[in-house]
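One-letter residues, chain by chain:
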Number of protein chains: 6
Amino acid sequence: MTTWLPTLITSTPQEGYDLAVKLSRVAIKMTQPDADIREKLRPEYAENFAALIGSSQIVATHFATVAAANGYWREIS
Amino acid sequence: MTTWLPTLITSTPQEGYDLAVKLSRVAIKMTQPDADIREKLRPEYAENFAALIGSSQIVATHFATVAAANGYWREIS
Amino acid sequence: MTTWLPTLITSTPQEGYDLAVKLSRVAIKMTQPDADIREKLRPEYAENFAALIGSSQIVATHFATVAAANGYWREIS
Amino acid sequence: MTTWLPTLITSTPQEGYDLAVKLSRVAIKMTQPDADIREKLRPEYAENFAALIGSSQIVATHFATVAAANGYWREIS
Amino acid sequence: MTTWLPTLITSTPQEGYDLAVKLSRVAIKMTQPDADIREKLRPEYAENFAALIGSSQIVATHFATVAAANGYWREIS
Amino acid sequence: MTTWLPTLITSTPQEGYDLAVKLSRVAIKMTQPDADIREKLRPEYAENFAALIGSSQIVATHFATVAAANGYWREIS
């Protein structure tokens, strides 16, 4: 696999949030590597609020990690 | 996307809580970008206590991050 | 909205726990602002152990934040 | 309510674990204060592995807090 | 109950992981003390991936605590 | 069991992510040691988005631990 995660450091909180979303999606790809199956499952998933909530929880967990890594971007505030 | 998260720093714990709610909602929008589908799903979701509980858990996770970023607002207590 | 969260600092661990319960409930109110719908859902929810467990998890997450904010109340032990 | 949580400090990790279990149970009582309803729900709950797992997750979250409060009991190791 | 948790300190990360598994199992025993009922529930549970995932989440939470207690075993790396 | 976790220290964030995935999978093996049963369950699991989301949450929790252990790889950024 190519390098997809060179660093946890980002310039802004918003870029950190985008990285958290990316970290969430990679785990799904690593568990189900077949893109066709993932695509087949996506519609049902995207319209299901329970699944949306589960995804948001994962993003929240990764965002906590990325925010700590960046010292919460305090110096740019 | 425009800047929606310039900083994690807030003046008060209550503003920090509002930011945690905002962070929770953005993840849902990024997973399901179609506002019509989100709207269609919302009624069922808002009346479902299990979904309410799931949403509250995400807010709690983000609030932990925002509170740490702000040094728990100890100096204003 | 009036000020409902002026500080995370409490005198005792038990008051901190009460604050964690309050933080949990506010998220539910912000997701479902209609008190009548919340009331209609409550009976089912309060008798459902799965929902009780979900609520307790949110309290646990908020209590972790409040306890950290208060330095775990070590000086009063 | 009488004082049920005077401190997070315990002498040993095992006492800390017991405190985490207690913290988990209090949230359930505060959400469903009626002991008869809780009792009626308990059999179903205690025989349901999903509920057991949910409860264990709450204990784990509280144990993290209690362990941090006690400096992980490093000095007694 | 005899002493089952004298310390959170372990020699290696792997022993720390084993301790996290042990911490997860104790909570299940304390919620459902009847070994016969636990045994009756286990087959269904062990073959159910959702339950496996729930168990793994608890182990992950406890491992975070044990790893922090041990300073992440940095000095032996 | 042979040594499978000698250290939490990795050279890069991406290697840390891989370690988090490994930590997630070991818990599943320890709960259900029978490889045939795991294999039988896997198809259903891998095509089920709820299960994918649960797995991703565990990876996120372990990644938080591994990232903290490595000081968030700040020095290589």
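Residues numbered from 1 in each chain as written. Chains lettered and ligands numbered in written order. Predicted model: local features only at pLDDT ≥ 70, side-chain atom pairs only at ≥ 80, totals over all residues. Heavy atoms only, no water.

In the nomenclature of an unreviewed UniProt entry, chain A is known as Hexameric tyrosine-coordinated heme protein (HTHP) of Roseobacter litoralis.

Moving on: the overall build of chain A. Looking only at helices and strands, chain A has three helices and zero strands in total. Tracing chain A from N to C terminus, the helices and strands come up as α-α-α. Scored against the burial criterion, the 77 residues of chain A give a buried share of 60%. By sequence separation, contacts in chain A at least 24 residues apart represent 62% of the contacts at least 6 residues apart. For chain A, the exposed surface amounts to about 3400 Å²; the carbon and sulfur share of it is 54%. (Helix = DSSP H or I, 4+ residues; strand = E, 2+ residues; numbered from the N terminus. Buried < 20%, exposed > 50% of the residue type's maximum accessible area, 1.4 Å probe, protein only. Contact = heavy atoms within 4.5 Å. Areas by Shrake-Rupley, 256 points an atom, 1.4 Å probe, with all protein chains shown as cover.)

Quick look at the side chain of D:Thr10 now. Residue and element names in this part refer to chain D. As for its placement among the helices and strands, threonine 10 is situated in the segment before α1 (13-31). Taking relative accessible area as the criterion, threonine 10 reaches 14% and is therefore assigned buried. A distance of 3.4 Å separates the side chain of threonine 10 from the backbone nitrogen of glycine 16, its partner in a polar contact. (Polar contact = N/O pair within 3.5 Å; in protein donor to acceptor, adjacent residues only side chain to side chain.)

Taken together, the contacts link 33 residues of chain A with 27 residues of chain F. Between chain A and chain F, the buried area comes to about 2500 Å², and carbon and sulfur atoms account for 68% of it. Counting across the chain A and chain F interface gives 10 residue pairs in polar contact (both at pLDDT 80 or more). Residues of the side of chain A that touches chain F, tallied by class, amount to 18 nonpolar, 13 polar and two charged. (Buried area = accessible area lost by both parts, 1.4 Å probe. Nonpolar A, V, L, I, M, F, W, Y, C, P; charged D, E, K, R; others polar.)

This brings us to the relation of the copies chain A and chain F. For the pair chain A and chain F, the superposition axis carries a translation of 0.0 Å, the fit reaches an RMSD of 0.0 Å, and the rotation angle comes to 60 degrees. Overall, the copies show the geometry of a six-fold rotation axis. Of the C-alpha atoms belonging to chain A, the one lying closest to the rotation axis is found on A:Thr61, 6.9 Å away. The residues that chain A uses at the interface reappear at the interface of chain F in only 12% of cases, marking distinct surfaces. (Least-squares fit on C-alpha atoms with pLDDT ≥ 70 in both.)

This part covers the relation of the copies chain C and chain D. With an RMSD of 0.0 Å, the operation that places chain C on chain D is a rotation of 60 degrees combined with a shift of 0.0 Å along the axis. The fraction of interface residues of chain C whose copies in chain D are also interface residues is only 15%, indicating that the copies meet through different surfaces.

By size, the foremost hydrophobic cluster in this structure holds 109 residues, and its most contacted members are A:Tyr17, B:Tyr17, C:Tyr17, D:Tyr17, E:Tyr17 and F:Tyr17. Counting residues per element, this core draws most heavily on helix α1 (residues 13-31) of chain A, at eight residues. Ignoring anything within four residues of it in the chain, the contact list for D:Tyr17 reads D:Val59, D:Phe63, E:Trp4, E:Leu5, E:Leu23, E:Val26, E:Ala27, E:Met30 and E:His62. (Core = buried A, V, L, I, M, F, W, Y, C linked by side-chain atoms within 4.5 Å.)

Positioned with a positive phi, B:Tyr72 is a non-glycine residue whose angle comes to about 60 degrees. In this structure, B:Tyr72 sits in the segment after α3 (49-69).

Once that is clear, we can look at the interface of chain C and chain D. With 27 residues of chain C at the interface, the matching set in chain D holds 33 residues. Summing both sides of the interface, chain C and chain D together bury roughly 2500 Å²; the carbon and sulfur share of this comes to 68%. There are zero salt bridges connecting chain C and chain D. At the junction of chain C with chain D, the criterion picks out nine residue pairs in polar contact (both at pLDDT 80 or more). Contributions of two or more residues to the side of chain C that touches chain D are made by α1 (13-31), α2 (35-46) and α3 (49-69) of chain C. Of the residues forming the side of chain C that touches chain D, the biggest block, 12 residues, is contributed by α3(C). Residue composition of the side of chain C that touches chain D, by class: 16 nonpolar, seven polar and four charged. (Salt bridge = Lys/Arg side-chain N within 4 Å of Asp/Glu carboxyl O.)

Before going further, it helps to examine the packing of α1(C) against α3(C). All names here are of chain C. Packing of α1 against α3 brings their axes to within 8 Å, and their N-to-C directions diverge by 130 degrees. With respect to their mutual orientation, α1 and α3 come out oblique. Where α1 crosses over α3, the handedness of that crossing is right-handed. When α1 is examined against α3, the residues Pro13, Gly16, Tyr17, Leu19, Ala20, Val21, Leu23 and Ser24 are found in contact with a partner set consisting of Ile58, Val59, His62, Phe63 and Val66. Of the residues in the contact of α1 with α3, the class split is 10 nonpolar, three polar and no charged. (Axes fitted to C-alpha atoms, helices over the stretch in contact; angles between N-to-C directions. Parallel < 35°, antiparallel > 145°, perpendicular 65-115°, else oblique. Left-handed = near helix turned anticlockwise from the far one by under 90°.)

All right, on to the confidence of the model for chain A then. In this model, chain A carries an average pLDDT of 87, and 90% of its residues clear a pLDDT of 70 or more. Averaged pLDDT values over the elements of chain A bottom out at 71 in helix α2 (residues 35-46) of chain A and peak at 92 in α1(A). (pLDDT = per-residue confidence, 0-100.)

One pass over the structure, following the stated rule, counts 18 aromatic pairs over all chains. Taking 6.0 Å as the distance between ring centres and 20 degrees as the angle between the ring planes, the aromatic pair formed by B:Phe63 and B:Trp73 counts as stacked. Taken as a pair, B:Phe63 in helix α3 and B:Trp73 in the segment after α3 lie far apart in primary sequence, 10 residues in all. For the pair B:Phe63 and B:Trp73, one class covers both residues: buried. Arranged with centres 5.0 Å apart and planes meeting at 90 degrees, the rings of D:Tyr17 and E:Trp4 form a pair that is edge-to-face. Here D:Tyr17, found in helix α1, pairs with E:Trp4, found in the segment before α1 (13-31), and the two come from separate chains. (Phe/Tyr/Trp six-rings, centres within 6.5 Å; stacked < 30°, edge-to-face > 60°.)

With that out of the way, let us pick up helix α3 (residues 49-69) of chain F. Residues and elements named next belong to chain F. When the terminal C-alpha atoms of α3 are compared, their 30 Å separation across 21 residues agrees well with the 30 Å that a helix rising 1.5 Å per residue should span. Within α3, 19 of the 21 residues are buried, which leaves the element mostly enclosed by the surrounding structure. At the C-terminal side of α3, glycine 71 shows a positive phi close to 55 degrees. (Expected span 1.5 Å × (residues − 1).)

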